[in-house]
Amino acid sequence: MNPAMTPVRRLLFWTLVAVLLLWVLLPIWLVAMGAFGGRAAVFQWPKSLLPASLSFDHMAAFLAVEGVANAFLNSVIAAAVTVVLSVALGAPAGYALARYAFRGADAFKLLVLLTRAFPLAILALPLAVGFIRIGLYDSPFGVALMHTVLALPFAVLVTQSLFMGIPRELEEAAWVFGCSPVQAFFRVVMPLALPGLAATAIFAFVISWNEVFAASVLTVRERTLTAYLLAVLSESPLHTRFAGGLLLILPSVLFVFAVRKWLFTVWGISGR
Amino acid sequence: MKRRSLLAAGAGLLAAPGFARAQSGDVVFLSTQLRPVEEATRLRNAILRPAPVQSTFVTEEPQNLTVRMRAEAQAGRRTVSLVGALHGELQPLAADSLDALDDVAAQLADRGIPQNLLELGKLGTGQQRYIPWMQATYIMAAHRRALEFLPAGADINALSYDQLRAWAAAIQQRTNQRRLGFPAGPRGLMARFFQGYLYPSYTGGVVRTFRSAEAEQGWAALKATWAHVAPASTTYNFMQEPLMAGEVWIAFDHVARLMDALRAAPGDYVTFPAPAGPMGRGYMPVIAGLGIARGAPNRAGAAQLIEYLSRPATQLRLAAETGFFPVVRAELPADLPPAVRLAASAIGATQSARDAKVSLLPVGLGDKGGEFNKVYMDSFQRIVLRNENIRTVLDAEAANLRAVMNATAAPCWSPDAASDGACPVA
């Protein structure tokens, strides 16, 4: 923090920090309270901010539901494959759009966005038929392919602006000093692009983790956690919803936590 | 070095889905019923685990059921063997996805499944398409706190709609709260209240009498009652929640959607039949059935599972675990859990009420079931919530209803008098 801040500004600054923290943490805290606070506490009003009784029964009962472990694993697989594929396919496309002027670049950008233009509900039947015929039906890999398609537009557009922000001169300097274009990319551009790629990965992860419809239409036994639970959570008792909600939030939080040091550099905070 | 290990990890992830983790050979049992996590768990643990056939119970949203079954039929490769769903949800599958089950039905001839239920299971095709699995209906539940406000002389097991209104009004007057609740939320089953309860009770029909003078009276009565109904009713999907939270003292809902409250505090609640109108006490039984997918990977296993699920002992176990009741001949034992006993007593009182008027689920609407429900929900919103003129709304919505009936050419079903061709809206 800047030591030259006046006390008033300091107060304002910390109030803002506190409000932002509350904004993010309070709902998560209340969900956690609902998950661990016992069945009766869920209906208590006004809510107490401290747990009256701590009970792991719901969470335990929830985790013991047949298939939750398998669904969790499927979700992790689908999300991981989606992250890998959408960065691996999206980043080169973004690089090409940023560095080379070629005919049809604009049309290409529009086409990439077009995959998001069709409501999935309309495509559900033909997609399912196609996936069954190819043999990708009912597997997390098939779901990951679908999620990659959904995540690619973001990956391409985000990485494009990312590479545009990295001066071409740096790359050219690397060529001058004897790097091949590929070497220059990996030694000079890539390290600078890492924070943005991390953000792209988060996007892809969250898209895959949260997606319900494709995941539930394309699978029967090998459901992802979101498809396995989210669809039925809205019809479950409140305390079950809180337990499920917490379980669905946690991995995203952990993932963001894991890549945070690259994210911070995106926001211009150097502290790695 | 580090990069190489990352690559290896990535390759590992890509390869992982290749490992077949699901055991094959078991019966995939896809169901739109018993979806809530706790109910599904009870079915898996208490009923399917001791079954003679290994099965995987998978739940499905009703709107996805048709998509999946149709997709598997078109692609020519089935994953699903056994389908469990409501009568109305199985209807659109009859044409291309449900196998004929006459052999299974013949096997179960001694189980005492009522003939009219078996007839429903033919879905109008002349062959058995599903075997009735379990039934439920809608009941009312009230917290004991509400009982002191019950109008003098009213018998809770033979309420009229006027008495219900007086009861709710008395509560509002004395506690300053509107404590009567209906499941009119986005996922609530309010449409069934109109089709199975309000309309039959006031008009003796559902489709033919849609815009009759009696219907006008029924809507006027509901509108008057709504002044004492909890305003959050338009957000309630499962009445067990506002009951448990104490927001609502008197509630109407599907029995399975009240069970949690009854289970949590059986001593706190009374259950009783829905009220009666001038034409009787309308009520709607809900039937879920079991069908076998055409081209099922394990037809024999699925048939065996149907046989097991329709054994009287299994059906009683299911009733005790979930609050869905047997369709076969089975005497409910005396040692039922208190919540199930509460539900069973209200259902029994409904079925044996002298003025009971049975209303079947809509038959023959196929995938237009949603539009059919919309006619009633739209009428409700316009008349009761938006205060529009009743006659104008009924005339306008009657045109929509007529369009649905003509498009499907569905003949009238009980309680409407039978018709040749599409059921007419008078």
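Note that the structure is predicted; figures quoted are calculated from it, not measured.

All names here are of chain B. Reading across the sheet, the five strands line up as β2-β1-β3-β10-β4 and stay open at both edges, with mixed pairing between neighbours. Edge positions in the sheet fall to β2 (55-59) and β4 (131-136), since each of these pairs with one other strand and no more. Between one strand and the next, the sheet's axes are offset by a mean angle of 20°, whatever the strand orientation. By the bridge criterion, five bridges tie strand β3 (residues 82-86) to strand β10 (residues 286-292) in an arrangement that is antiparallel. The partner of L82 across the bridge, within β10, is I292. Set on the sheet, helix α2 (residues 37-48) makes contact with β1 (27-31) and β2; between it and β2 the angle comes to about 165°.

Applying the stated criterion across every chain yields a total of 26 salt bridges over all chains. A salt bridge links R99 of chain A to E171 of chain A; the shortest N-O distance between them is 2.8 Å. You can see R99 of chain A sitting in helix α3 (residues 68-99) and its partner E171 of chain A sitting in helix α7 (residues 168-176), a full 72 residues away along the chain. For the residue pair R99 of chain A and E171 of chain A, the accessibility class agrees, reading buried in each case. With its nearest N and O atoms 3.8 Å apart, the salt bridge here joins K368 of chain B to E371 of chain B. Of the residues examined, E371 of chain B reaches a relative accessible area of 40% and is grouped as partly exposed. The network of salt bridges with shared partners includes R211, E216, R391 and D395 of chain B.

Our next topic: the state of the cysteines. Residues and elements named next belong to chain B. Summed over the entire model, instances satisfying the criterion amount to one disulfide over all chains. One disulfide in the model links C412 with C423; its S-S distance is 2.0 Å. Across the S-S bond linking C412 and C423, the dihedral sits near 90°, which makes this disulfide right-handed. One end of the pair, C412, is in the segment after α16 (390-408); the other, C423, is in the segment after α16, with eleven residues separating them in the sequence. Judged by relative accessible area, which is 12%, C412 ranks as buried. The class of C423 is buried, set by a relative accessible area of 2%.

Moving on, we come to a nonpolar patch on the surface. Residue and element names in this part refer to chain A. The grouping of L111, L114, F118, I122 and L123 at the surface amounts to a nonpolar patch, some 490 Å² of accessible area in total. Elements with a minimum of two residues in the nonpolar patch: α4 (105-114) and α5 (120-134). Tracing the backbone shows L114 in helix α4. For L114, a relative accessible area of 39% gives the class partly exposed.

Now for α5 of chain A. The sharpest bend along α5 of chain A reaches about 35° and sits at P126 of chain A. Among the residues of α5 of chain A, those classed as buried are L120, A124, A128, V129, F131 and I132 of chain A. Check the buried side of α5 of chain A and you find it contacts α6 (140-164) and α9 (213-217) of chain A together with α3 (62-75) of chain B. G135 of chain A sits one or two positions beyond α5 of chain A and adopts a positive phi of about 95°.

Moving on to the interface of chain A and chain B. Tallying the contact residues gives 41 residues for chain A and 40 residues for chain B. Between chain A and chain B the total buried area reaches about 3700 Å² when both faces are included, carbon and sulfur atoms providing 58% of it. At the boundary of chain A and chain B, one finds three salt bridges. Linking chain A with chain B are twelve residue pairs in polar contact (both at pLDDT 80 or more).

Further remarks concern the domain arrangement of chain B. When the parts of a complex come together, some accessible area is lost, and that lost area is often taken as the interface size. All names here are of chain B. Taken as a whole, chain B is organised into domain 1 (26-136 + 286-333) and domain 2 (138-284 + 358-408). Summarising the inter-unit geometry, the C-alpha centres of domain 1 and domain 2 are found 29 Å apart. Counting from both sides, the interface comprises 16 residues of domain 1 and, opposite them, 16 residues of domain 2. For the domain 1 and domain 2 pair, buried surface summed over both sides reaches about 1200 Å², with 59% attributable to carbon and sulfur atoms. Salt-bridge contacts for E61 lead to R187; the nearest nitrogen and oxygen are separated by 3.5 Å. There are two residue pairs in polar contact (both at pLDDT 80 or more) connecting domain 1 and domain 2.

Moving on to the environment of L90 of chain B. All names here are of chain B. Among the secondary structure elements, L90 is positioned in helix α4 (residues 87-90). Along the chain, L90 and Y376 lie 286 residues apart, while their C-alpha atoms are 22 Å from each other. Setting aside residues up to four positions removed in sequence, L90 forms contacts with V83, A85, L98, L123, Y130 and G289.

Applying the stated rule across the entire model yields 32 aromatic pairs over all chains. Each ring, one from F185 of chain A and one from F186 of chain A, has its centre 5.4 Å from the other, and the planes form 85°; the classification is edge-to-face. On the accessibility criterion, F186 of chain A (42% relative accessible area) is partly exposed. Aromatic pair F210 of chain B and Y376 of chain B: ring centres 5.4 Å apart, planes at 85°, arrangement edge-to-face. With F210 of chain B in the loop between α8 (190-203) and α9 (213-226) and Y376 of chain B in helix α15 (residues 369-385), the pair connects residues that are 166 residues apart, well separated along the chain. Here F210 of chain B and Y376 of chain B have matching classes, each one buried.

Let us now look at the domain arrangement of chain A. Residues and elements named next belong to chain A. According to the domain assignment, chain A contains domain 1 (1-55) and domain 2 (57-266). A combined buried area of about 1000 Å² lies between domain 1 and domain 2, and 79% of that area is made up of carbon and sulfur atoms. At the junction of domain 1 and domain 2, the tally comes to zero salt bridges. Our enumeration of links across domain 1 and domain 2 arrives at zero residue pairs in polar contact (both at pLDDT 80 or more).

Our next topic: the sheet that holds strand β7 (residues 250-254) of chain B. Residue and element names in this part refer to chain B. Strand order in this open sheet of four strands is β6-β7-β5-β8, and the pairing throughout is mixed. Here the strands that pair on one side only, and so sit at the sheet edges, are β6 (180-181) and β8 (269-272). Where strand β5 (residues 138-143) and β8 come together, four bridges link them in antiparallel fashion. In the sheet register, M140 faces β8, and the bridge partner there is F272. Here helix α7 (residues 161-175) sits on the sheet and contacts β5, β6, β7 and β8; the angle it forms with β7, its principal contact strand, is near 130°.

Calculation rules
- Residues numbered from 1 in each chain as written.
- Chains lettered and ligands numbered in written order.
- Predicted model: local features only at pLDDT ≥ 70, side-chain atom pairs only at ≥ 80, totals over all residues.
- Heavy atoms only, no water.
- Pairing = 2+ DSSP bridges.
- Helix = DSSP H or I, 4+ residues; strand = E, 2+ residues; numbered from the N terminus.
- Axes fitted to C-alpha atoms, helices over the stretch in contact; angles between N-to-C directions.
- Contact = heavy atoms within 4.5 Å.
- Salt bridge = Lys/Arg side-chain N within 4 Å of Asp/Glu carboxyl O.
- Buried < 20%, exposed > 50% of the residue type's maximum accessible area, 1.4 Å probe, protein only.
- Disulfide = S-S within 2.5 Å.
- Patch = residues over 30% accessible without salt bridge, like charges linked within 9 Å, V, L, I, M, F, W, Y side chains within 5 Å.
- Areas by Shrake-Rupley, 256 points an atom, 1.4 Å probe, with all protein chains shown as cover.
- Bend = angle between axes of the 7 residues up to and from the residue.
- Buried area = accessible area lost by both parts, 1.4 Å probe.
- Polar contact = N/O pair within 3.5 Å; in protein donor to acceptor, adjacent residues only side chain to side chain.
- Domains from an automatic or database assignment.
- Phe/Tyr/Trp six-rings, centres within 6.5 Å; stacked < 30°, edge-to-face > 60°.

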